[in-house]
Amino acid sequence: AEAAEKLDAEHDFQDKLDAARRWAGDRRLQVGLQLLRGRIDTEGAGQAFSTVAEAALAALAPRVEAEFALTHGKVKGGRLAVIGMGRLGSGEMTVESDLDLILVYDHELVDASDGRRPLSPSHYYGRLCQRVINAVTAPTSEGPLYAVDMRLRPSGNAGPVAVSLAGFLDYQRQSAWTWEHMALTRGRVVAGPPVLAEAIGRAVREILCRRRDPAVLVADVASMRERIAAEHGTTDPWAVKHVRGGLIDIEFICQYLQLRHAAAAPEVLHAHTPAALRALAGAGFLDRAVAGDLLAAHRVLDG
């Protein structure tokens, strides 16, 4: 509400972009100071940094849509949702984290938008989503709001910037690789109409809860881990993400176990890594002592 109020106090669209940057910058500074003073721990800071980003996106996206509609109108029944992936989705952002995003739209069956310069729905949402990304990344007089990474969208960098709900779900059900479902365990809708957010949430949960061949699953996860090690492997103990026993390994263990057991126990699905580890231990799929070691390591490495 505060972010929306700051943006609505400005009449010019460029001024709204600057207002979003000032607001988010002030809030990130506030979180950082609380962390330095010991008023919150690193897990709490990660959740707070993520909440700031989520609030900024939720305030900015509909105002970009409104600006876009001045020229191209609206698509009947059109809705746009922003799925946060990675650290944004899991609520584990740092002050330097970028935003891993997937943009999903839905609409009624129509040929074009109703504006003075109408566009077909696919072109409409392709251009609109590019505007949303630009609104976040553009270096205005206040600097960029966040860097954005879209590589986790269907088909990666080769795929369209915006994907329809039907296309997104069809891809996840029919074509996605195991590592893409691993990434999806950390996905959640961070901005968009509740109806579309709920539809995406239900469908993603159904996808993650489907039964999998354990042998194929573990082989796929191990293969992806080997590929990452080949590209980013290091013996530097300070490279806490990629060093053996680092954050990547903790996340892979967590994501593998969620995909392995979600069909029998959907309650193990949590986007937040520590919460997922606790749930896996509580459900009996992870030894409690091992879970304690993983949580302690995650707390140190992610701090």
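Residues numbered from 1 in each chain as written. Predicted model: local features only at pLDDT ≥ 70, side-chain atom pairs only at ≥ 80, totals over all residues. Heavy atoms only, no water.

Enquirer: Before we move on, could you go through the overall build of the protein chain and cite the residues and values that matter?
Expert: Helix and strand content of the protein chain: 12 helices and five strands. For 303 residues, the compact-globule estimate of 2.2 N^0.38 gives 19 Å, and the C-alpha radius of gyration of the protein chain, at 20 Å, lies within 12% of that figure. Overall size of the protein chain, expressed as C-alpha extent along the three principal axes, is 60 × 50 × 35 Å. Expressed as a percentage of its 303 residues, the buried residues of the protein chain come to 46%. Pairs at least 24 residues apart make up 69% of the contacts formed inside the protein chain by residues separated by at least 6 positions. If you average the places of the 35 positive and of the 38 negative side-chain charges in the protein chain, the two averages end up 2 Å apart. (Helix = DSSP H or I, 4+ residues; strand = E, 2+ residues; numbered from the N terminus. Rg over C-alpha atoms; globule rule 2.2 N^0.38 Å. Buried < 20%, exposed > 50% of the residue type's maximum accessible area, 1.4 Å probe, protein only. Contact = heavy atoms within 4.5 Å. Lys, Arg positive; Asp, Glu negative; His and termini not counted. Charge placed at Lys NZ, Arg CZ, Asp CG, Glu CD.)

Enquirer: Go over the pattern of salt bridges, please, and point to the residues and values.
Expert: Tallied over the full model, the rule gives 14 salt bridges. Arg-186 is the partner of Glu-251 in a salt bridge, and the nearest nitrogen-oxygen pair spans 3.6 Å. Linking Glu-251 in helix H10 (residues 247–261) with Arg-186 in the loop between helix H7 (178–184) and strand E5 (188–191), this pair joins segments that are 65 residues apart in sequence. Exposure class is identical for Glu-251 and Arg-186. Each is buried. For Asp-249, the salt bridge identified is with Arg-225, shortest N-O distance 2.6 Å. Within this pair, whereas Asp-249 is found in helix H10, its partner Arg-225 is found in helix H9 (residues 214–232), the two being separated by 24 residues in sequence. Here the two residues Asp-249 and Arg-225 agree in accessibility, since each one is buried. Look at the salt bridges and you will find they share partners, linking Glu-10, Arg-22 and Glu-142 into a network. (Salt bridge = Lys/Arg side-chain N within 4 Å of Asp/Glu carboxyl O.)

Enquirer: I'd like to hear about the packing of aromatic side chains, residue by residue, with values.
Expert: Two aromatic rings, taken as a pair, are described by how far apart their centres are and by the angle between their planes. Tallying each qualifying case throughout the model produces three aromatic pairs. Centroid distance Tyr-105 to Tyr-125: 4.5 Å. Interplanar angle 5°. Geometry classified as stacked. Of this pair, Tyr-105 sits in strand E2 (residues 99–106) while Tyr-125 sits in helix H5 (residues 121–137), and the two are 20 residues apart along the sequence. When sorted by exposure, Tyr-105 lands in the same class as Tyr-125, which is buried. Geometrically, the ring pair formed by Tyr-124 and Tyr-125 is edge-to-face, given 5.1 Å between the ring centres and 70° between the ring planes. Its relative accessible area of 2% is what places Tyr-125 among the buried residues. By the ring-pair criterion, three or more aromatic residues cluster together here, those being Phe-68, Tyr-105, Tyr-124 and Tyr-125. The ring centre of Tyr-146 lies 4.8 Å from the NZ or CZ of Arg-28, which sits over that ring. (Phe/Tyr/Trp six-rings, centres within 6.5 Å; stacked < 30°, edge-to-face > 60°. Lys NZ or Arg CZ within 6 Å of the ring centre and 35° of its normal.)

Enquirer: I'd love a proper account of the pairing of E2, names of residues and values included.
Expert: Where burial is concerned, most of E2 is hidden: seven out of the eight residues are buried. Taken together, the seven bridges between strand E1 (residues 79–85) and E2 define a ladder with antiparallel strand orientation. Residue pairing in the sheet places Val-82 in a bridge with Leu-103 of E2. Sheet topology note: the E2/strand E3 (residues 148–149) ladder contains two bridges and is parallel. The residue bridging Leu-99 from the neighbouring strand is Val-148, located in E3. Crossover E2 to E3 through H5 is right-handed. Judged from the three bridges that link them, E2 and strand E4 (residues 162–164) form a sheet pairing that is parallel. Bridging from a neighbouring strand, Leu-103 pairs with Ala-162 of E4. (Pairing = 2+ DSSP bridges. Right-handed = clockwise from strand over helix to strand, strands pointing away.)

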